[in-house]
Amino acid sequence: MILRATHRTLYSYSMPSIESHNEVRLMPLTDANQRCIEFQLKIDPPCKIFSYDEPGGTVHYFGVRSAHPLLEILAEAVVETCLENPFEGLNLLEPDWDLYDEAASRQSYAEFLTEGPYVTINDEVRQIAERARTGSNGTVADFLRRLTRWIHETLTYDPDATHVHSKLEEVLALRAGVCQDFAHLMIACCRSVGIPSRYVSGYLFVGGAAGMRGEQATHAWIECLLPTGKWLGLDPTNDLLVNDRYVSVHVGRDYSDVTPTRGVYIGTPAKSLEVSVSVDRIDICSTVS
């Protein structure tokens, strides 16, 4: 599947900003499940753009040194995705937690096993994870599917319930949130039982699939390390295994590692912030007779 993703961010200031410095994480990854074919980043006012690579993906950064009442960041990407069947090769029958213990203890995954700014492992988190593990058939994959479904069915998707800086305790108290909150809760539960888990930001192509959430903004899901050493993508917001409708942009320990845009500026507080995302499939040709 070939998808075009367009991500537009517009900052508007009550008085012109004198100077601003920004970094963005908006370029899709190229890995075993997808290939970034094209990527363009446009800044208005125009300025020189630099970039560097970090373990989770590519970071672009730039500075605007002239007075500007608006700052627009427009990222456009074309990505080929190929993960059509996420269940292929997935062990859902043979208990494999014992095999997993050795893999989970490896030092190279330590950052995906610890707590962080958005991921706290408290008693309630441990209880949620243990209930899912007790009800599973002994496979890590079945545990993950049960946990994904429990979070999807228990939390209410409500964009007004939380904000970008909400912590896990607040989400658990409200039993509501957005994809970021669903992902953080699942990561905390997985890490509480020793499964390395990481946060993924990106885009979701809905394309007529009814009831799916996450198309109009940057979406978030998680990846867990299976006993085989494979990372499995799971989306608790939609109760799905990640497939070729998903475009991964950046990977990290939690949201703080993958923030799409961040920066500092000199001026008055921003009057407004507008963010829009669109994802379209472009590999289907229509015939006009």
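Here is a short report on the structure shown in this document.

Calculation notes
- Residues numbered from 1 in each chain as written.
- Predicted model: local features only at pLDDT ≥ 70, side-chain atom pairs only at ≥ 80, totals over all residues.
- Heavy atoms only, no water.
- Salt bridge = Lys/Arg side-chain N within 4 Å of Asp/Glu carboxyl O.
- Helix = DSSP H or I, 4+ residues; strand = E, 2+ residues; numbered from the N terminus.
- Buried < 20%, exposed > 50% of the residue type's maximum accessible area, 1.4 Å probe, protein only.
- 1 Å grid on protein atoms, 1.4 Å probe; cavity = no way out; pocket = protein on both sides within 12 Å on 5 of 7 lines; lining within 4 Å.
- Points joined across faces, edges and corners; volume = space filled by probe spheres on them.
- Nonpolar A, V, L, I, M, F, W, Y, C, P; charged D, E, K, R; others polar.
- Phe/Tyr/Trp six-rings, centres within 6.5 Å; stacked < 30°, edge-to-face > 60°.
- Pairing = 2+ DSSP bridges.
- Axes fitted to C-alpha atoms, helices over the stretch in contact; angles between N-to-C directions.

**A few points about the pattern of salt bridges**
Okay, step 1: Following the criterion strictly, the structure yields 14 salt bridges and no others.
Okay, step 2: Two residues, arginine 126 and aspartate 123, come together in a salt bridge whose shortest N-O distance is 3.5 Å. Of this pair, arginine 126 and aspartate 123 both sit in helix H2 (residues 123–135), three residues apart, which is roughly one turn of the helix.
Okay, step 3: A residue is classified by how much of its surface remains accessible, and aspartate 123, at 52% relative accessible area, is exposed.
Okay, step 4: Where aspartate 257 meets arginine 253, a salt bridge forms, and the shortest distance between an N and an O atom there is 2.7 Å.
Okay, step 5: On the basis of relative accessibility, which here comes to 42%, the residue arginine 253 falls in the partly exposed class.

**Describing the layout of surface pockets**
Okay, step 1: Of the pockets and cavities examined, the largest pocket occupies roughly 1100 Å³.
Okay, step 2: If you trace the largest pocket, you find 41 residues lining it, with Val164, Gln180, Tyr255, Pro260 and Val275 closest to the centre.
Okay, step 3: Mapped onto the lining of the largest pocket, the elements with two or more residues apiece are strand E1 (2–17), strand E2 (19–24), helix H5 (179–192), strand E9 (197–204), strand E10 (219–225), helix H6 (255–258), strand E14 (261–266) and strand E15 (270–281).
Okay, step 4: Broken down by element, the residue count for the lining of the largest pocket peaks at five residues, all from E14.
Okay, step 5: Grouping the amino acids of the lining of the largest pocket by side-chain chemistry returns 20 nonpolar, 17 polar and four charged.
Okay, step 6: When its volume is computed, the second largest pocket comes out at roughly 640 Å³.
Okay, step 7: Around the second largest pocket sit 30 residues that line it, and Leu29, Asp31, Arg198, Glu223 and Val251 are the ones nearest its centre.
Okay, step 8: Secondary structure elements with two or more residues in the lining of the second largest pocket: strand E11 (231–235) and strand E13 (246–252).

**Focus on the packing of aromatic side chains**
Here the distance between the centres and the angle between the planes together describe a pair of aromatic rings.
Okay, step 1: Overall, the coordinates contain ten aromatic pairs when judged by the stated rule.
Okay, step 2: Ring plane angle 70 degrees and centroid distance 5.8 Å describe the contact between tyrosine 109 and tryptophan 231, whose orientation is recorded as edge-to-face. One end of the pair, tyrosine 109, is in the loop between helix H1 (97–104) and H2; the other, tryptophan 231, is in strand E11, with 122 residues separating them in the sequence.
Okay, step 3: The exposure class assigned to tyrosine 109 is buried, which follows from its relative accessible area of 16%.

**Side note on the sheet that holds E14**
Okay, step 1: With respect to topology, four strands assemble into an open sheet ordered E4-E5-E2-E14, the strand pairing being antiparallel. The open sheet terminates on both sides in strands that have one partner only, identified here as strand E4 (49–54) and E14. Strand-to-strand twist in this sheet, taken as the mean axis angle between neighbours without regard to direction, amounts to 15 degrees.
Okay, step 2: Inspection of the sheet shows E2 paired to strand E5 (residues 57–64) by five bridges, in the antiparallel sense. What sits directly across from histidine 21, in E5, is glycine 63.

**Concerning the pairing of E5**
Okay, step 1: Most of E5 sits inside the fold, with six of its eight residues counted as buried.
Okay, step 2: Across six bridges, the pairing between E4 and E5 is antiparallel. Pairing of serine 51 across the sheet is with histidine 60, part of E5.

**A closer look at the pairing of E11**
Okay, step 1: Among the five residues in E11, five count as buried, and that is most of the element.
Okay, step 2: In E11, alternate side chains face the same way, and those of Trp231, Gly233 and Asp235 on one face and Leu232 and Leu234 on the other are all buried.
Okay, step 3: Linking E10 to E11, which pair antiparallel, is a turn of five residues; within it glycine 229 sits at a positive phi near 90 degrees.
Okay, step 4: Taken together, the two bridges between E11 and strand E12 (residues 240–241) define a ladder with antiparallel strand orientation. Residue pairing in the sheet places aspartate 235 in a bridge with leucine 240 of E12.

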